[in-house]
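Take a look at the letters that make up each chain.
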Amino acid sequence: MSAHQDGGPPTAGRGAGDRAPALEIRRMTVSYGARPVLWDVDASFPAGRLSAIVGPNGAGKSTLLKAALGLIPADAGQTLVEGRPVGAARDRVAYVPQRDAVDWDFPITVREVVEMGRYAPTGWFRRVPRRDAALVDDCLERVGMGDFRGRQIGQLSGGQRQRVFIARALAQQAPLLLMDEPFSGVDARTEASILELLAALRDEGRSIVVVHHDLGTVRGAFDHALLLNVRAVAEGPVAEVVTRETLARAYGAGADAVGRDAGEALSWAG
Amino acid sequence: MGWLIDLLPLNYSDAVVAIGAALLGIAAGALGVFAVLRQRSLVGDALAHAALPGVCVAFLATGAKDATTLLVGAALAGLVGALLMVGIERTSRVRPDAAIGVVLSSFFSLGIVLLTHIASTNDANQAGLDTYLFGQAAGLLERDLDVMAVLAVVALAVVALAFRPLKTTLFDPAFAGAVGLPVRLLEIFMTMLLVVAVVIGLRTVGAILMVAMLVVPAVAARQLCNRLSLLIPLAALIGAAVGVAGALIAARAEVPTGPVIVLVGFAVVLATVLLAPGRGVLWRGRKLARDRRRALVEGVLVDLETTIHAGPPPTPRELALASGRPRRQVARALSALDRAGMLARDGERIHLTESGAAAAHAVLERRDLWSAWLEHGWKLRLPDAREPDPTDLRASLGDDCADELRRLALAGDGGGAAGDAGQGAR
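Residues numbered from 1 in each chain as written. Chains lettered and ligands numbered in written order. Predicted model: local features only at pLDDT ≥ 70, side-chain atom pairs only at ≥ 80, totals over all residues.

Residue and element names in this part refer to chain B. Between its first and last C-alpha atoms helix α10 (residues 183-205) spans 32 Å; for 23 residues at 1.5 Å apiece the expected length is 33 Å, and the two agree. In the structure, α10 departs most strongly from a straight axis at V199, where the bend amounts to approximately 30°. G206 sits one or two residues past α10 and shows a positive phi near 90°. (Helix = DSSP H or I, 4+ residues; strand = E, 2+ residues; numbered from the N terminus. Expected span 1.5 Å × (residues − 1). Bend = angle between axes of the 7 residues up to and from the residue.)

To continue, consider the domain arrangement of chain B. Domain boundaries assigned for chain B yield domain 1 (2-279), domain 2 (297-352) and domain 3 (358-414). Relative placement of domain 1 of chain B and domain 3 of chain B: their C-alpha centres are 54 Å apart. (Domains from an automatic or database assignment.)

Turning our attention to helix α3 (residues 41-62) of chain B. Between the first and last C-alpha of α3 of chain B there are 33 Å, a value that for 22 residues agrees with the 32 Å anticipated at 1.5 Å per step. Following α3 of chain B by one or two positions, G63 of chain B adopts a phi angle in the positive range, close to 75°.

Residues and elements named next belong to chain A. Strand order in the open sheet made by the six strands is β6-β7-β8-β3-β9-β10, with mixed pairing throughout. Pairing within the sheet leaves two strands with one partner each, and these edge strands are β6 (93-96) and β10 (231-237). Each strand axis lies, on average, 15° off the axis of its neighbour in the sheet, ignoring direction. With six bridges connecting them, strand β9 (residues 224-229) and β10 associate as antiparallel partners. The residue bridging L226 from the neighbouring strand is E235, located in β10. (Pairing = 2+ DSSP bridges. Axes fitted to C-alpha atoms, helices over the stretch in contact; angles between N-to-C directions.)

It is worth spelling out the sheet that holds strand β2 (residues 35-45) of chain A at this point. Residues and elements named next belong to chain A. Sheet architecture is open: four strands sit in the order β2-β1-β4-β5, paired in antiparallel fashion. With partners counted over all chains shown, the strands left at the sheet margins are β2 and β5 (84-85), one partner each. Sheet topology places strand β1 (residues 23-32) next to β2; seven bridges connect them, and they run antiparallel. Note on β2: the bridge partner recorded for V30 is L38. Against the sheet, helix α1 (residues 61-68) engages β1, β2 and β4 (76-81), with an angle of about 110° to β1. (Contact = placed C-beta atoms within 7 Å.)

Here you go:
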């Protein structure tokens, strides 16, 4: 457990080329009954980059993250974190679930939620050491929630809840961050400050993969993207992925089914 | 347990009843939290009902009415019922509530059939098995207490030991799975804890009403406390109090214990649901009424100020027409404003006094500031996640930020084109 240096992010400054991909997904296939949700999806998210998983509603974006982490059963597929199977690298991954996945009336304070990020690294049955307590406070400060540590989580706004979840992930000190729809239903101010925080984390050398629904901000904020619609439609640097042609393939432009999102994205891509 | 019985200022049989009920209350109260917070309260109900055929089968198999043997049967039947529910839920498309309904009713029916069969055999030994239906605290023996105490201590010790994995799984199963906790195993384990609670309480409260001892303390405690680490002991305490009060009353009145305990518990839940500070119905109702009244009065004040600004002072009727509010509401708001010294009447017509005009302007400023915050707030780059109080933005943000917001709002209204250009270049 002590092999990685204090769980800190890997050395910053090195190019992405000489590191194993932070997250590699091979031939991931998931179905609910006869309906395929993911079909032979291959994806490789580079280390030290900010990556987005985009695609229309029902494309399987969240399912891909959950299946990659083994949270839902997959029909087939393999997940590698830094070249190792995900089961052997749990301490290298911090997962931020969708906000509505939990009961926000649960009797727990903001600080306790963030402390959860330290349970696995320190051991589930050990007392939380003092330096971990300091780390928890630092993580709360970093997302701007320092003044809220004693609050019951039900009293928070949507944006503040998202910040708490991110603080918990930071407390895990894992080099890879997987986030499921962190921007859905948060205000513009929170979205801006979370994007800024993610960019800073990336610059410190962490790898971040975000399930994202807003194609409008993908080009400006992210380095790398996977365009998903049950199959992997395109993957690579954002500028190459978010183009008229690939979006048309993912969203079916020209058909009646073109979403508002896709329309906006096309005007961006054009 | 002898020393404890001697210690209590009660006669022997009352002391046994009180200790038994307290043990039951502590165990069921603490462990029931795991059912209520998972929103699986009825799993506890199903487990209690499922225990009944277990008691009967154990009796038929051994022929002895030894409590420990019968409770082992109850535990085994509860486990089978629990696994059946989980199995139905996982392998079929049956929803959890339906799975609970199926298991509860079929196990209980089997129990009733077996009870009737046992009664018809005329075995002198069988008398009293039906106390497992509604419970009979007065029938507890001193050695039953030892069994209950051991079970309770073991279950609570395990909860204390595994508190963090349990808490994490309860709150956020997806996160728990991602950090490598065996979530399914822990969920089954929580159901096992309920089985233990049922076994402890079955003789005292009975199969039908056992669910109350699992749910009542957790619900009442949740009204009063916001932290899981306090919630569990508090629920245990409430459970013990409810159990002892109910069991002693029942023992005196010679009625089955289960119903009396449940009625006592209901009184406690009713009190906490109504009165708990912050969460209680009355507390929230008063706050809601206050907020609505305030919104109405401020709205009418602003309407009045705009009407006066545009023309002659209105009569209450004209004001109601102009603002599109019901006349009764306008009249109520006006009398409140009058009492606050904000109105001056000129026959039928209404003016604002100096303080009234100031109050109206303050409300308008607050509203403008709030709109400005919603539109431009993110540009302030506040260093933290503060979310200002909508009723008093200036106080919660500070004057500097409020003035900056006003400036941004004014600039935004005038310079729309420039703003758009800035967006495009981003």
